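Residues per chain, in single letters:
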2 protein chains.
Amino acid sequence: MVENEKDLKDLETEQSALSEEETSEQHDAPSEKNESSELEEALGKIASLEAKAEEYETKLLRVQADFENYKRRARMDAEAAQKYRAQSLVSEILPALDNFERALKVEAADEQTKSLLQGMEMVHRQLVSALKAEGVEEIETVGKPFDPQFHQAVMQAEEEGYEPNTVIEEFQKGYKLKDRVIRPSMVKVSQ
Amino acid sequence: MVENEKDLKDLETEQSALSEEETSEQHDAPSEKNESSELEEALGKIASLEAKAEEYETKLLRVQADFENYKRRARMDAEAAQKYRAQSLVSEILPALDNFERALKVEAADEQTKSLLQGMEMVHRQLVSALKAEGVEEIETVGKPFDPQFHQAVMQAEEEGYEPNTVIEEFQKGYKLKDRVIRPSMVKVSQ
């Protein structure tokens, strides 16, 4: 963008130079010269006008091309901004969601706790589905092949019944926003 | 934007018309005419070239002005998209937040409920502060003058100790995202 603006500046400067040239040419009219020198002068003027018209045409084409490029890029930027618009709020919410899920793990020992837990589980589901509606998804872990793009291995262990390089435990949930990883899962991987 | 694109189309058509004109002029070279008619022809060509150069210049200036306008508008659009980027997720989250706050209103009758409630209150504070970090704020209600921009009056009542047209009770919280009302508060207003 900065480059385009520089180009336009250059262009404006050159244009005003061209306009001055035009003005000065108009001043010395070839009224007292003979026809042959008048013709010579006219041919010179034709050459310079042709050059000038060509220069404007070149500049016009360049500005049009810059304009088209700018539009294409602006559209792409706007699409990306729209696609990942929730990213900042999602990142802010994830720690609250972690704590929410930790708190929900309590074993209810009485009816009041049980009822409060049920209410809170509903709130949690609502929150998760609000995030989902914006394109937020949990990254799959246990049983999946380890993928450094989505998983952060914080431990390795030998574990029976698992292929090597498979996620065998999840320590912290990871999340994607559409195709972008917002936070990788923290996992344990089989050797 | 559509207008600009139409302009560019027009321009391209006109340009190719101009190029054809130029080509045809170059074909009939004035080699066998006398000097006077050559001069006449040259002067005619000068006039047409001047018109052509001027036309290009005018178009160049128009495209440059369109380009600048487009850039200004694209910047403004991008700023607005950035400013209210969280709006969609916020709107989705508000019903969960309402239920969260409703669930927190329980009177804890035992230690376990009390401890669960404390944990959930912390989660709630974290959630509210995540929303706040993105520019979400509760709309002030009780004791404030009724403002239809922020408050939706669902009841009116005479109430001692309140000026007329004052919010005296809040039924549902309202929220702003920066300067934009996401949901007005539902309130009771003094007559």
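Predicted model only: the values in this text are computed from it and were never measured. Numbers given for residues are sequential positions, taken from 1 along each chain in its written order. Going through the entries in the order they are written, you letter the chains from A and number the ligands from 1. Thresholds applied to this predicted model are a pLDDT of at least 70 for local features of residues and 80 or more for the giving and counting of side-chain atom pairs; totals over whole chains, interfaces and linings are not thresholded and use all residues. Side-chain numbers here rest on the full set of heavy atoms in the structure, without hydrogens or water.

S.K.: How should I be thinking about the relation of the copies chain B and chain A in this particular structure?
M.R.: Two copies of the chain are present, and they differ by a rotation about an axis and a shift along that axis. Once turned by 180 degrees and shifted 0.0 Å along the axis, chain B lies on chain A with an RMSD of 0.3 Å. Expressed as an axis order, the relation between the two copies is that of a two-fold axis. Contact criterion: two residues are considered in contact whenever any of their non-hydrogen atoms come within 4.5 Å of each other. The fraction of interface residues of chain B whose copies in chain A are also interface residues reaches 100%, indicating that both copies meet through the same surface. Fitting of the copies onto one another was done by least squares over C-alpha atoms, counting residues only where both copies have pLDDT of at least 70.

S.K.: Before we go on, may I ask you to explain a nonpolar patch on the surface in this structure?
M.R.: Judged by side-chain polarity, A:V154, A:M155 and A:F171 come together as a nonpolar surface patch covering roughly 250 Å² of accessible area. Mapping A:M155 onto the fold places it in strand β2 (residues 151-157). A patch is a set of surface residues, each over 30% in relative accessible area and not in a salt bridge, joined within 9 Å for like charges and within 5 Å for the nonpolar side chains Val, Leu, Ile, Met, Phe, Trp and Tyr. Computed with a 1.4 Å probe, the accessible areas rest on the Shrake-Rupley method; for each residue, only the protein chains presented here act as cover. A side-chain nitrogen of Lys or Arg and a carboxyl oxygen of Asp or Glu constitute a salt bridge if their distance falls within 4 Å. The helix and strand labels rest on DSSP assignments: H or I over at least four residues marks a helix, E over at least two residues marks a strand, and numbering proceeds from the N terminus.

S.K.: I tried to follow the interface of chain B and chain A on my own but got confused; where do I start?
M.R.: One widely used convention gives an interface's size as the accessible area the parts lose upon coming together. At the interface, 63 residues of chain B touch 63 residues of chain A. Note on chain B versus chain A: buried area summed over both sides is about 5900 Å², and carbon and sulfur give 69% of it. Three residues stand out in chain B for area buried against chain A, namely B:F67, B:L89 and B:Q112, and they jointly supply 11% of the buried area on that side. Polar contacts, as used here, are pairs of N or O atoms within 3.5 Å; protein pairs need one atom able to donate a hydrogen and one able to accept it. Residues neighboring in sequence count only if both atoms are side-chain atoms. Viewed at the interface, chain A and chain B are joined by 17 residue pairs in polar contact (both at pLDDT 80 or more). Elements that contribute at least two residues to the side of chain B that touches chain A include exactly α1 (2-27), α2 (35-83), α3 (87-103) and α4 (111-133) of chain B. Top element by residues in the side of chain B that touches chain A is α2(B). It accounts for 25 residues. Accessible-area loss on putting two parts together, using a 1.4 Å probe and summing over both, is the definition of buried area adopted here.

S.K.: For this particular structure, what's the right way to read the sheet that holds strand β1 (residues 136-138) of chain B?
M.R.: Picture the strands of a sheet paired through backbone hydrogen bonds; they go either parallel or antiparallel. All names here are of chain B. Note on pairing: DSSP must find at least two bridges between two strands before they are called paired. Overall, antiparallel pairing links the three strands, which are arranged β1-β4-β5 in an open sheet. At either margin of the open sheet sits one strand with a lone partner, and together these are β1 and β5 (180-183). Between one strand and the next, the sheet's axes are offset by a mean angle of 35 degrees, whatever the strand orientation. Direction of pairing for β1 relative to strand β4 (residues 175-177): antiparallel, over a ladder of three bridges. The residue bridging E138 from the neighbouring strand is Y175, located in β4. Axis definition: a line fitted to C-alpha atoms, limited for helices to the stretch in contact. Angles are taken between N-to-C directions and run from 0 to 180 degrees. Against the sheet, α3 makes contact with β1, β4 and β5, and its axis sits at roughly 50 degrees relative to β5, the strand it touches most.

S.K.: In this structure, what is going on with the nonpolar core? I would like to understand it.
M.R.: What we call a nonpolar core is a set of buried Ala, Val, Leu, Ile, Met, Phe, Trp, Tyr and Cys residues that are connected through their side-chain atoms within 4.5 Å. Note on classification: 1.4 Å probe, protein chains only; a residue is buried when its accessible area is under 20% of the maximum for its type, exposed when over 50%, partly exposed between these limits. Core analysis: the largest hydrophobic core is formed by 44 residues, its most contacted members being A:V90, A:F100, A:M120, B:V90, B:F100 and B:M120. Excluding residues within four positions of it along the chain, B:F100 makes contact with A:F100, A:M120, A:V123, B:M120, B:V123, B:H124 and B:L127. Counting residues in hydrophobic clusters, the runner-up holds 14 residues, among them A:L60, A:F67, A:Y70 and B:V63.

In short, geometric facts, not functional conclusions.
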